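Residue strings, one per chain:
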Amino acid sequence: MSESFPRLSARTRRFTLGVPRGFTISPDGGRVVFLRTGSGTDPVTCLWELDTETHVERLVVDPRTLDAGEGDLPPEERARRERSREQAGGVVAYSTDSTVTRAAFALAGGLYVTELPDGRTRRLDTPGLVIDPRISPDGRHVAYVTGGALHVHDLTTGGDRALATPESPTVTYGLAEFIAAEEMDRMRGHWWSPSSDALLVERADDAPVQTWYIADPANPDRPAAAQRYPAAGTPNAVTELFVLGLDGSRVAVPYEHEYLTTASWDAHALSIVTLSRDQKTMRLFTVDPADGTSTLVREDTDPAWVDIVQGVPGHLDDGTLVWVATADGGHRLFVGDRAVTPPTLQVRAVLDVDHDSVLFSASGDPAEIQLWTWDGHSLLPVSTRSGVFSGRMAGGVGVLSEQSLDTEGVATTVVRRDGVAIPIPSHAERPGLDLRVSLGRSGRRELSTAVVLPSWHEPGSRALPVLMDPYGGPHAQRVLNRRGGYLESQWFAEQGFAVVVADGRGTPGRGPAFERAVLNDLATPALDDQIDALQGVAEQYPDDLDLTKVAIRGWSFGGFLAALAVLRRPDVFHAAVAGAPVTDWRLYDTCYTERYLGDPGEQPDVYDKSSLFDDAAKLERPLLLIHGLADDNVVAAHTLRLSSALLAAGRQHSVLPLSGVTHMTPQEVVAENLMLLQVDFLKKALHL
């Protein structure tokens, strides 16, 4: 008997295992280093190298041969993986020197260095478990964090010393604080100088941050885990920057803003980007590493918020700045002071700067993410087919990763300077589903919408119960031209539903005005747009949707939206499954929440309008709340407090607590049975 889709999806980490990722191209374009697990069900990530001349792929590091398990991961590394949504084990991250001939990585808390030409790998002696090792550009040293201290290991002499040690238990050197990792996509806290003689290092002090306690009620003999959690309106960690020299020097780099969004140190400048607490002002500085003085390069402001864009700042060979900013109604690529993309092309990220060429991702159609280059004179499309693309570029060689509705999985291709294309195979499992997905626009606002029907359904033969399956929150998107985004939706459709996925206001790809429509209200626009999309799809499929049986499911912001739907619009939604929902935005973190809702102390009515507690007495539809009790992102208090409010109002509901489960629900049995339990609940709730 073949394996069920829920079990296979759980075993394959939603079919992400076996997909090549984490690419590094050597400066001459001759080699591409990357990560990939051995198969679609193998959770151990290995390090690989492709020779672009011979097309030969070589296994460089297999963690199994190093006799290193995952049991000794330091808590900071487990937290880092949770922040980055890392679902595999093994070599999940690595760094290389400037010539890409030597690599460093952490494995089970140990520090390893690999000679890429021959694959010789050695474990280095360290005084503690290692986090985030970064090899110097000249390949002679490795910086890493252990016990909150930043250490440097000399690969020539074997000497190991601390450049900075924490002054108290709440201080760390060299690590990104919680907010940077969770909400800014900044996963690092130290950066080597190009000359390899110094590092820019973040010092973070969590002392001002309130302490929350995450308990495991299923194991009352274990103490609750203390966690510093900066909820909206409360203090953040205090962050500082220092230039630490290998000669023992220490130079402070002061800045005024609350947030350090990113830093970079290339041949042209040591750069830092800061953001004000209200996120309406972003500043880019260049820093003199000798004395820490900063020079303002540019300042961007916005009455709503300034977007954090990945991959900038960058520099062309002549030092010209590469930047992304909002201008004339669009997210635009700037080279120097000149916007080189039209406002109709929404720039998503800068992926690489290769000499005088800039590789970036952007959307004309919000369901597409295409690759473009700016070559110093003109814009050139890199991806020419419909789909969702990502990539890297160095030494005139490109790596393109492609997804679409027409192709299964992720296709990765290396393109040499002479145009020769070399595929990097994916080992991912095939889902075994016959997708019936139609992308389009629906409703008065022409929202991006995907309609997923059962493979066995004959159009017009019967009206199917409807399952809305959104995320629906800002800065995240569900409706994209890629098969992998609809596998779970298709499986739910196979159980007898017409599944509708809609991206409402706040989601990216349609420009700043569309995204900023959720300012000061995360509830009303999101819910109105799901209803608008539903009604629009019903007009397009008048004989296929039964609007007397409409359910909604979601996780995280999608869970908030699902609970919101049955509480505020029971006339439209007849049942809901809310997984890890944010129920009161005062309980969620500073950076994300305040970006959209401001300070709860200054705008309490805005928070009340976007929270669920005052709606508890309105519940008249079946509601299933699911929450991992070990969730340190959306803590279980969200669900438990809503459940208490519903109970106090005399409203029947169901709660499914998941012992030991975090926000990602990576456990195989849990992930599989969650899908089965949701279908069972929805069918009973809709009397199917």
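Scoring rules and cut-offs
Residues numbered from 1 in each chain as written. Predicted model: local features only at pLDDT ≥ 70, side-chain atom pairs only at ≥ 80, totals over all residues. Heavy atoms only, no water. Helix = DSSP H or I, 4+ residues; strand = E, 2+ residues; numbered from the N terminus. Rg over C-alpha atoms; globule rule 2.2 N^0.38 Å. Buried < 20%, exposed > 50% of the residue type's maximum accessible area, 1.4 Å probe, protein only. Contact = heavy atoms within 4.5 Å. Areas by Shrake-Rupley, 256 points an atom, 1.4 Å probe, with all protein chains shown as cover. Lys, Arg positive; Asp, Glu negative; His and termini not counted. Charge placed at Lys NZ, Arg CZ, Asp CG, Glu CD. Polar contact = N/O pair within 3.5 Å; in protein donor to acceptor, adjacent residues only side chain to side chain. Salt bridge = Lys/Arg side-chain N within 4 Å of Asp/Glu carboxyl O. Pairing = 2+ DSSP bridges. Axes fitted to C-alpha atoms, helices over the stretch in contact; angles between N-to-C directions. Expected span 1.5 Å × (residues − 1). Parallel < 35°, antiparallel > 145°, perpendicular 65-115°, else oblique. Left-handed = near helix turned anticlockwise from the far one by under 90°. Phe/Tyr/Trp six-rings, centres within 6.5 Å; stacked < 30°, edge-to-face > 60°. Lys NZ or Arg CZ within 6 Å of the ring centre and 35° of its normal. Core = buried A, V, L, I, M, F, W, Y, C linked by side-chain atoms within 4.5 Å.

**Q** Just give me the short version of the overall build of the chain, but keep the residues and values in it.
**A** Each helix and strand in the chain was counted, giving eleven helices and 44 strands. Here the chain has a C-alpha radius of gyration of 25 Å; the compact-globule value for 688 residues is 26 Å, and the two agree. Across its three principal directions, the C-alpha atoms of the chain cover 70 × 55 × 55 Å. When burial is assessed residue by residue, the chain has 59% of its 688 residues classed as buried. Restricting the contact set of the chain to residue pairs at least 6 apart, pairs at least 24 apart contribute 59%. If you sum the accessible surface of the chain, you get close to 26300 Å²; carbon and sulfur atoms cover 50% of it. Here the chain contributes 63 positive and 93 negative side-chain charges, whose respective centroids are spaced 4 Å apart.

**Q** Before we move on, could you go through the side chain of Ser-489 and cite the residues and values that matter?
**A** Here Ser-489 is to be found in helix H4 (residues 487-494). Polar contacts involving the side chain of Ser-489 include one to the side chain of Arg-478, which spans 3.3 Å. Residues contacting Ser-489, with those up to four places away along its chain left out, are Val-452, Asp-469, Arg-478, Val-499 and Val-501.

**Q** Residue-level account of H4, with values.
**A** Within H4, seven of the eight residues are buried, which leaves it mostly tucked inside the rest of the structure. Where H4 is concerned, the buried positions are Leu-487, Glu-488, Ser-489, Gln-490, Trp-491, Phe-492 and Ala-493. The positive-phi residue at the C-terminal boundary of H4 is Gly-496, with phi of around 115°.

**Q** Lay out the pattern of salt bridges in plain terms, naming residues and giving numbers.
**A** Tallied over the full model, the rule gives 40 salt bridges. The salt bridge partner of Glu-258 is Arg-277, with a shortest N-O separation of 3.0 Å. Separated by 19 residues along the polypeptide, Glu-258 in the loop between strand S20 (250-253) and strand S21 (259-265) and Arg-277 in the loop between strand S22 (270-275) and strand S23 (281-287) bring together distant segments of the chain. What makes Glu-258 partly exposed here is its relative accessible area of 30%. Among the ionic contacts, a cluster of salt bridges with common partners joins Arg-14, Asp-469, Arg-478, Glu-488 and Arg-553.

**Q** Could you give an account of the sheet that holds strand S32 (residues 379-381), naming the residues involved and the relevant values?
**A** The antiparallel open sheet is built from four strands, whose spatial order is S29-S30-S31-S32. Only two strands of the sheet have a single partner each, and these edge strands are strand S29 (346-354) and S32. Across the sheet, the mean angle from the axis of one strand to that of its neighbour is 30°, orientation sign disregarded. Across seven bridges, the pairing between S29 and strand S30 (residues 357-363) is antiparallel. Counterpart to Asp-352 in the pairing with S30 is Leu-359.

**Q** Can you explain the environment of Leu-480? Please cite residues and give values.
**A** Take Leu-480: it is sitting in the loop between strand S39 (464-468) and H4. We classify Leu-480 as buried; its relative accessible area is 7%. Taking the C-alpha atoms as reference, Leu-480 lies 29 Å from Gly-396; in sequence the two are 84 residues apart. Once residues within four sequence positions are removed from consideration, Leu-480 is found in contact with Arg-348, Pro-366, Ala-367, Ile-369, Val-388, Leu-439 and Tyr-486.

**Q** So what's going on with the environment of Ala-88? Residues and values would help.
**A** Locating Ala-88 in the fold gives a position in the loop between helix H2 (75-83) and strand S5 (89-90). Residues Ala-88 and Pro-43 lie 45 residues apart in sequence; the distance between their C-alpha atoms is 4.9 Å. Look past the residues within four positions of Ala-88 in its chain and what remains in contact with it is Leu-17, Arg-21, Pro-43, Thr-45 and Arg-81.

**Q** Break down helix H7 (residues 557-568) for me, citing the residues and quoting the values.
**A** Spanning twelve residues, H7 covers 16 Å between terminal C-alpha atoms, matching the ideal 16 Å at 1.5 Å per step. Of all twelve residues in H7, eleven are buried, a share of seventy percent or more. Burial in H7 covers these residues: Phe-557, Gly-558, Gly-559, Phe-560, Leu-561, Ala-562, Ala-563, Leu-564, Ala-565, Val-566 and Leu-567.

**Q** Tell me what's going on with the sheet that holds strand S12 (residues 149-154), and back it up with residues and numbers.
**A** Neighbouring strands of a sheet are bound in pairs by backbone hydrogen bonds; such pairs are parallel or else antiparallel. One open sheet accounts for four strands, arranged S10-S11-S12-S13; its pairing is antiparallel. For this open sheet the edge positions go to strand S10 (131-135) and strand S13 (160-164), each flanked by a neighbour on one side alone. The mean angle between the axes of side-by-side strands here comes to 25°, regardless of whether they run parallel or antiparallel. Bridge analysis of strand S11 (residues 141-146) against S12 gives six bridges, and the strand direction is antiparallel. In the sheet register, Thr-146 faces S12, and the bridge partner there is Ala-149.

**Q** For the packing of H4 against helix H11 (residues 668-685), give the residues involved together with the corresponding values.
**A** Packing of H4 against H11 leaves a shortest axis separation of 11 Å and a crossing angle of 40°. When the interaxial angle is binned, H4 and H11 end up oblique. As for how H4 packs across H11, the hand of that crossing is right-handed. Across from Glu-488, Trp-491 and Phe-492 in H4, the residues of H11 making contact are Met-675, Leu-676, Gln-678 and Val-679.

**Q** If you had to explain the pairing of strand S19 (residues 238-245) to someone new, which residues and values would you point to?
**A** For S19, a buried count of six out of eight residues is recorded, marking the element as mostly surrounded by other parts of the structure. Bridge analysis of strand S16 (residues 198-205) against S19 gives eight bridges, and the strand direction is antiparallel. The residue bridging Leu-200 from the neighbouring strand is Val-243, located in S19. In this antiparallel pair of consecutive strands, S19 and S20, the connection spans four residues, and Gly-248 shows a positive phi of 95°.

**Q** Describe the packing of aromatic side chains, with residues and values.
**A** What the rule picks out here adds up to 16 aromatic pairs. Where Phe-178 meets Tyr-229, the ring centres are 5.5 Å apart and the plane angle is 55°; that geometry is what we call tilted. Taken together, the residues Phe-178 in helix H3 (residues 178-183) and Tyr-229 in the loop between strand S18 (225-228) and S19 connect sequence positions 51 residues apart. For the pair formed by Phe-178 and Tyr-229, the shared burial category is buried. Seen in terms of ring centroids, Trp-585 and Tyr-588 are 5.9 Å apart; in terms of plane orientation they differ by 85°. Their pairing is edge-to-face. Under the relative-accessibility criterion, Tyr-588 is labelled buried at 6%. Clustering of aromatic rings is evident, with ring pairs tying together Trp-305, Tyr-471, Phe-557, Phe-560, Trp-585, Tyr-588, Tyr-592 and Tyr-596. The aromatic ring of Phe-334 is capped on one face by Arg-298, whose charged end is 5.3 Å from the ring centroid.

**Q** Any details on the nonpolar core? Residues and values, ideally.
**A** Ranked by size, the top nonpolar core spans 88 residues in total, and within it Trp-323, Leu-333, Leu-545, Phe-573, Trp-585 and Leu-623 carry the most contacts. Beyond its immediate chain neighbours, meaning those up to four positions away, Trp-323 contacts Val-273, Met-282, Leu-284, Arg-298, Asp-300, Val-312, Pro-313, Arg-332, Leu-333 and Phe-334. By size, the runner-up hydrophobic cluster in this structure holds 33 residues, among which are Phe-5, Phe-15, Ala-493 and Met-675.

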